[in-house]
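Listed below, chain by chain, are the residues.
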Amino acid sequence: MKVYSGMAAEIPISQVAGYAQRVEGLGYDGLRVAETVHDGMLLAGLALDHTSSLRVSTAVVVAFPRSPMITAIAAWDLQALSGGRFGLGLGTQIKQNIEGRFSVPWEAPIKRMEEYVAAVRAIWQAFGEGGPLDFQGEHYRFSRLQPFFNPGPIDDPDIPVLMGGVNPRICELAGRVADGFITHPTNASARFVAERIKPGLDSAGREVELIVSPPLITGPDQRALDRAREHQRRKLGFLYSTPAYGPSLELYGWDDVGDRLRALARSGRWDDMAEVITDDMLDALVPQGTYDEIAGVLLAAYGGLTSSIGINPPDDPAEDGAVAEIIRALQAG
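All residue numbers refer to positions counted from 1 along the written sequence of the respective chain. Reporting in this predicted model follows two pLDDT cut-offs: at least 70 for local features of residues, and 80 or more for side-chain atom pairs to be given and counted; totals over whole chains, interfaces and linings ignore these cut-offs and use all residues. Water and hydrogen atoms play no part in the side-chain values, which are based on all heavy atoms of the structure.

A. Structural context of the pattern of salt bridges. Take a side-chain nitrogen of Lys or Arg and a carboxyl oxygen of Asp or Glu: if they are within 4 Å of each other, that pair is a salt bridge. This structure, assessed with the given rule, holds 15 salt bridges. Between D179 and R121 there is a salt bridge whose closest N-O contact spans 3.1 Å. In this pair, D179 sits in the loop between α6 (168–177) and β9 (180–183) while R121 sits in helix α5 (residues 109–129), placing the two residues 58 residues apart along the sequence. Accessibility here uses a 1.4 Å probe with only protein chains present; expressed as a share of the type maximum, an area under 20% marks a residue as buried, one over 50% as exposed, and anything in between as partly exposed. What makes R121 partly exposed here is its relative accessible area of 28%. Measuring nitrogen to oxygen at the nearest pair gives 2.9 Å for the salt bridge that ties E230 to R233. Only DSSP runs of H or I with at least four residues qualify as helices, and only runs of E with at least two residues qualify as strands; both kinds are numbered from the N terminus onward.

B. Spotlight on the environment of V16. Topologically, V16 is positioned in helix α1 (residues 16–26). Along the backbone, V16 and H50 are 34 residues apart, and their C-alpha atoms lie at a distance of 9.2 Å. Here, two residues are considered to be in contact whenever any of their heavy atoms come within 4.5 Å of each other. Filtering out sequence-adjacent residues up to four positions away, V16 remains in contact with M7, I11, L43, L46 and A47.

C. Quick peek at the pairing of strand β2 (residues 30–33). Burial of the side chains of β2 extends over both faces: G30 and R32 are buried on one face and L31 and V33 on the other. The rule for pairing is simple: two strands pair if DSSP sees at least two bridges between them. Here strand β1 (residues 2–5) runs beside β2; their pairing, made up of two bridges, is parallel. Paired with S5 across the bridge in β2 is L31. The definition of a right-handed crossover adopted here requires that, viewed with the strands pointing away, the path from the first strand over the helix to the second runs clockwise. A crossover connection joins β1 to the parallel β2 through α1; in handedness this β-α-β unit is right-handed. Both β2 and strand β3 (residues 55–58) contribute to a ladder of four bridges, which runs parallel.

D. Highlighting the packing of aromatic side chains. The pairing test for Phe, Tyr and Trp rings, Trp by its six-membered ring, is centres within 6.5 Å, and the orientation test on the planes gives stacked under 30 degrees, edge-to-face over 60, and tilted for anything in between. Counting across every chain of the model gives six aromatic pairs. Ring centres of F64 and W106 lie 6.3 Å apart, and the angle between their planes is 70 degrees; this geometry places the pair in the edge-to-face category. Here W106 lies in the loop between α4 (95–100) and α5 and F64 lies in the loop between β4 (61–62) and α3 (68–82), a separation of 42 residues in the sequence.

E. Representation of helix α7 (residues 190–202). Working definition for bend: take the seven residues up to and ending at a residue and the seven starting at it, fit an axis to each, and measure the angle between the axes. For α7, the principal kink sits at R196 and spans about 30 degrees; a proline, P199, occurs within the next four residues. In this structure, the buried residues of α7 make contact with α6, β9, β10 (209–212), α9 (247–251) and α12 (291–302).

F. View of the environment of D179. Overall, the relative accessible area of 32% leaves D179 in the partly exposed class. Taking C-alpha positions, D179 is 7.4 Å from E207, a pair spaced 28 residues apart along the chain. The residues contacting D179, other than those within four sequence positions of it, are R121, I159, P160, V161, V208 and E209.

G. Focus on the packing of helix α2 (residues 40–49) against α3. Across the interface, α2 lies against α3 with an axial gap of 9 Å and an inter-helix angle of 10 degrees. On the basis of their axis angle, the class for α2 and α3 is roughly parallel. Here α2 contributes M41, A44, G45, L48 and D49 to the contact with α3, which in turn contributes T71, A74, A75, L78, L81 and S82. By residue class, the composition of the contact of α2 with α3 is seven nonpolar, three polar and one charged. Note on geometry: axes are C-alpha line fits, over the in-contact stretch for helices, and angles between N-to-C directions span 0 to 180 degrees. Oblique is the label for any angle not covered by the other classes, which are roughly parallel (under 35 degrees), roughly antiparallel (over 145) and roughly perpendicular (65 to 115). Each residue gets one of three labels, nonpolar for Ala, Val, Leu, Ile, Met, Phe, Trp, Tyr, Cys and Pro, charged for Asp, Glu, Lys and Arg, and polar for the others, Gly among them.

Shown next as structure tokens:
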């Protein structure tokens, strides 16, 4: 099994290089960098420039505010910089953020994303072959690439394209056009992966890497597990107040939970959200066990569903040795 690390959204930009080196030293197969308060492409560049073997992918950058040309150029540069270690992870985001945070129209997101990926690949082909560029779609059209603006071929032109999401249509799209798919932590239980994600990914009959990234309750002892449990309770309480993350609630018959959380959000009662997430919900949604147990727990839950999993390094670097053992156990499993 391949093991990937994530990276906390709030990490200062000055610490990204050191974090990537730590991840590489722990033996991870790859690092996934999110785009929340920093530019995902910039983070990937820092991580790649300060490592030598670690694969780094965006997970995920928001596609629609970027022209496919801008995305294609940045990805081409990162692939060349790293000697072929970059993966381009793309996401649609949600309507409210696309319109309100990025001031970009929201229209036909699945069709538009399919076109976006095709346009990026057409641009890469033109970079590698010297043109001409002629892509004509409903949402994107590219017909001009003078030699002055063409960066030219690189040694590793086959850049993997990954997608993230939760709904069936994005899973089906990834099954048709992507090289990999990254689950969202709110919708990554083994049951959800088996019943809602894999059917879409498998529908096209193609090989697509599935990277399952569940939240975890783990640590060296029971006291650490208790702390992690309350942290996940608070985090999931906040995340499930977003309607787009509700499919797991629907699958498990907890539709009322989303309604209650959204009512608390409208009232500004953020600190009360954790109380809505019950112990039964945590037990169903979040794998848990001490460092000595968690590799076995993850292999038992996901071993038949995927060959790639995401777990993060511990907050305390003093526990890195124990987590390196978990990584090796998962890779051998």
